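Structural description and commentary
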Amino acid sequence: MFRERFVICGAGLALAATYGFLAYQSSAVSTMDLLNFLGAYWVAAGVLLICWFYHYERDIQPTLGDIILWAVVFRIIGIFGSPVLEDDFYRYLLDGCVFVSSGSPYGIAPSELFNGNALSPECQSALNWVNNPDLPTIYGPLLQYLFALSHLASPADINFLQIIVVIFDLILIMTMSRFVSHRLLMLYAWCPLILKEIAFTAHPDIVGVCFLFGAFAMRFRGQHLNAAILVALACGAKIFAFLALPFFLYRKGPKVWLTVFGVLIGLYLPFIAQGQTNMLVVGIFAQRWTFNPILFDPISVLLPDLDARILCLALFVTFWCYYFYRYSSNGDQNRFPRMDWIFGIFFVLSPVINPWYLIWLLPFATLRPSLWAWTASLVISLSYVIGLNLVESNLGAYQIDPYARTLQIGLICLALAIDYRQGRFKFP
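Let me begin by describing the structure that accompanies this report. (Residues numbered from 1 in each chain as written. Predicted model: local features only at pLDDT ≥ 70, side-chain atom pairs only at ≥ 80, totals over all residues. Heavy atoms only, no water.)

Let us now look at the overall build of the protein. What the protein contains, in helices and strands, is 20 helices and 0 strands. Scaling as 2.2 N^0.38, a compact globule of 428 residues should have a C-alpha radius of gyration of about 22 Å, and the protein matches this with 21 Å. Across its three principal directions, the C-alpha atoms of the protein cover 65 × 55 × 50 Å. Burial analysis of the protein (428 residues in total) assigns 54% to the buried set. Accessible surface, the protein: about 18,900 Å² in total, of which carbon and sulfur atoms supply 67%. On the protein, the mean spot of the 24 positive side-chain charges and the mean spot of the 24 negative ones are 15 Å from each other. (Helix = DSSP H or I, 4+ residues; strand = E, 2+ residues; numbered from the N terminus. Rg over C-alpha atoms; globule rule 2.2 N^0.38 Å. Buried < 20%, exposed > 50% of the residue type's maximum accessible area, 1.4 Å probe, protein only. Areas by Shrake-Rupley, 256 points an atom, 1.4 Å probe, with all protein chains shown as cover. Lys, Arg positive; Asp, Glu negative; His and termini not counted. Charge placed at Lys NZ, Arg CZ, Asp CG, Glu CD.)

It is worth spelling out a nonpolar patch on the surface at this point. Taken together, the side chains of Trp257, Phe261, Ile265, Leu269 and Ile272 present a nonpolar region at the surface, about 490 Å² in accessible area. Secondary-structure assignment places Ile272 in helix H13 (residues 254-272). (Patch = residues over 30% accessible without salt bridge, like charges linked within 9 Å, V, L, I, M, F, W, Y side chains within 5 Å. Salt bridge = Lys/Arg side-chain N within 4 Å of Asp/Glu carboxyl O.)

Attention shifts here to the side chain of Asp205. By the secondary structure assignment, Asp205 is in helix H10 (residues 205-220). Asp205 sits in the buried class, given a relative accessible area of 4%. A polar contact of 2.9 Å, which involves the side chain of Asp205, links it to the side chain of Trp360. Among residues more than four places away in sequence, those in contact with Asp205 are Lys238, Trp356 and Trp360. (Polar contact = N/O pair within 3.5 Å; in protein donor to acceptor, adjacent residues only side chain to side chain. Contact = heavy atoms within 4.5 Å.)

Under the defined criterion, the tally for this structure stands at 9 salt bridges. When the shortest N-O distance is used, the salt bridge between Asp297 and Arg405 registers 3.1 Å. Of the two residues, Asp297 sits in helix H15 (residues 296-302) while Arg405 sits in helix H20 (residues 402-421), which places them 108 residues apart along the sequence. With relative accessibility at 32%, the residue Asp297 sits in the partly exposed group. Where salt bridges share partners, they join Glu86, Lys196 and Glu197 into one cluster.

All right, on to the packing of helix H6 (residues 141-153) against H13 then. Where H6 meets H13, the closest approach of the two axes is 9 Å, and the angle between their N-to-C directions is 70 degrees. In terms of their interaxial angle, H6 and H13 are classed as roughly perpendicular. Contacts between H6 and H13 involve Pro141, Leu142, Gln144 and Tyr145 from the former and Gly266, Leu267, Tyr268, Pro270 and Phe271 from the latter. Split into classes, the residues belonging to the contact of H6 with H13 amount to 7 nonpolar, 2 polar and no charged. (Axes fitted to C-alpha atoms, helices over the stretch in contact; angles between N-to-C directions. Parallel < 35°, antiparallel > 145°, perpendicular 65-115°, else oblique. Nonpolar A, V, L, I, M, F, W, Y, C, P; charged D, E, K, R; others polar.)

A separate point is the state of the cysteines. Counted according to the given criterion, the structure contains 1 disulfide. Between the sulfur of Cys97 and that of Cys123 lies a disulfide, 2.1 Å long from S to S. Handedness here is read from the sign of the S-S torsion; for Cys97 and Cys123, about -85 degrees, the answer is left-handed. In this pair, Cys97 sits in helix H4 (residues 89-102) while Cys123 sits in helix H5 (residues 121-129), placing the two residues 26 residues apart along the sequence. Relative accessible area serves as the criterion here: at 2%, Cys97 is assigned to the buried category. (Disulfide = S-S within 2.5 Å.)

Right, let's talk about the environment of Ile67 for a bit. Turning to its location among the elements, Ile67 is positioned in helix H3 (residues 64-80). Separated by 167 residues in the primary sequence, Ile67 and Ala234 have C-alpha atoms spaced 26 Å apart. With residues near it in sequence (within four places) discarded, Ile67 still touches Pro62, His182, Leu185, Met186, Ala189 and Trp190.

Before going further, it helps to examine the packing of helix H2 (residues 34-57) against helix H9 (residues 192-200). A pair of packed helices is characterised by two quantities: the angle between their axes and the separation of those axes. H9 packs onto H2 with a crossing angle of 135 degrees between their chain directions and a minimal axis gap of 9 Å. By the angle between their directions, the pair H2 and H9 is classed as oblique. Contact with H2, carried on its side by Phe37, Tyr41, Ala44, Ala45 and Leu48, involves Pro192, Leu193 and Lys196 of H9 and no other residues of that element. Of the residues that constitute the contact of H2 with H9, the class distribution is 7 nonpolar, no polar and 1 charged.

Among the structural elements, Ile299 can be located in helix H15. Counting along the chain gives 55 residues from Ile299 to Ala244, while the straight-line C-alpha distance between them is 26 Å. In this structure Ile299 touches Ala308, Leu311, Cys312 and Leu315, once residues within four positions along its chain are discounted.

The next subject is the packing of aromatic side chains. Evaluated as defined, the whole model comprises 50 aromatic pairs. Here the aromatic rings of Phe213 and Phe364 are separated by 5.4 Å at their centres, their planes lie at 40 degrees, and the arrangement is tilted. One end of the pair, Phe213, is in helix H10; the other, Phe364, is in helix H18 (residues 362-365), and 151 residues separate them in sequence. For the pair formed by Phe213 and Phe364, the shared burial category is buried. Taken together, a centroid distance of 6.1 Å and an interplanar angle of 75 degrees make the contact between Tyr323 and Trp341 edge-to-face. Here Trp341 lies in helix H17 (residues 339-349) and Tyr323 lies in helix H16 (residues 305-328), a separation of 18 residues in the sequence. The burial state of Tyr323 is the same as that of Trp341; both residues are buried. Over the face of the ring belonging to Phe248 we find Arg219, whose NZ or CZ atom lies 5.8 Å from the ring centre. (Phe/Tyr/Trp six-rings, centres within 6.5 Å; stacked < 30°, edge-to-face > 60°. Lys NZ or Arg CZ within 6 Å of the ring centre and 35° of its normal.)

The next point concerns H17. Along H17, 8 of the 11 residues are buried, which leaves the element largely enclosed by surrounding structure. The inward-facing, buried residues of H17 contact H10, helix H12 (245-249), H15, H16, H18 and helix H19 (371-379).

This brings us to the nonpolar core. With 144 residues, the main nonpolar core has Phe37, Tyr188, Trp190, Ile206, Leu212, Phe247 and Phe343 as its most contacted residues. Ranked by residue count, the leading element in this core is H2, at 11 residues. For Ile206, the residues in contact, after removing those within four places along its chain, are Val165, Phe168, Asp169, Leu172, Tyr188, Ile198 and Ile359. (Core = buried A, V, L, I, M, F, W, Y, C linked by side-chain atoms within 4.5 Å.)

Below, the structure is given as structure tokens:
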């Protein structure tokens, strides 16, 4: 017992020191050094892996109290830090400002606000640093309500928004604890990707993920109306959640259908009444953006860009339909589907794979262990090795270093091969 306590406390202290270093560096300098970030990230991953492997080899479980305690400590450290190698948070802050001041954040490009606006000094600072200023916001209505709440509580303050997303993250951890072993829960709760993208950088994807996992938890218990409300809220946070929506509607009565679409209409209606939503920008993003693609990259070499996007979408839809057919034909309809597979294939075929996208699949990867998902959570950090973060680089601003890209894809392929040899791709 003493040895187990020593290991868990030692790992917690080591991770706290590592995340503390990251918090200090992110706050002390205007731009985080890439090597410092990668060093801290990989050290944290190494400490977590050693701690997990220790418990795995001895077939013991850490206590839930220890997992939650250190998870809270790490997230508090992240809140005291600053966003790392990211500037998306300026858009969150600006959206809150514009929503509160004008009644809707949609249909207004930041570039339209540069001259003659009445923004407060705090909001003006966010405006000055926002990326893609010629495009209106892409974020869903539920997130806009949270951005507005954050603004009302503390105008243009990233720390308050960090607190909001961390609360959702901790709620997700507590929900997950009822379905996964403590050992696997630790992988998520202490994961450096989760800490970096949520606690430090305040990516709000966790809001949609929290509602989606909660929806599946309700569905598992047969509470289909509650599940319908939660999945609709998840869809109102980010469009990724629509990939799970048919699992909640299939063979369900009109009450469930009306609940889902009623909640969605309720979320969007105030913005539709003003004539704008985020869907136009979602369409532009789907047609134009490319970053860190895997299968899309070689396909786009062989086909024109639009044709490559259509083919990748068709391949994903084919996989999704095949999986849904197998799932719906095989036993209990309330069990959790392999959303890690669905999100994983979607991202592999997508023209854009941002690191925070993996937040959508990692909670589901704790339900059925696999090597590829957690390997991806580690090597996705290499997507930050881009021209923008490299000194004296010939790379474009968002072009990934070829060696980093090769290592990223190679390690994921190796993990997939190991999972395949160990029979982890069988349909449940």
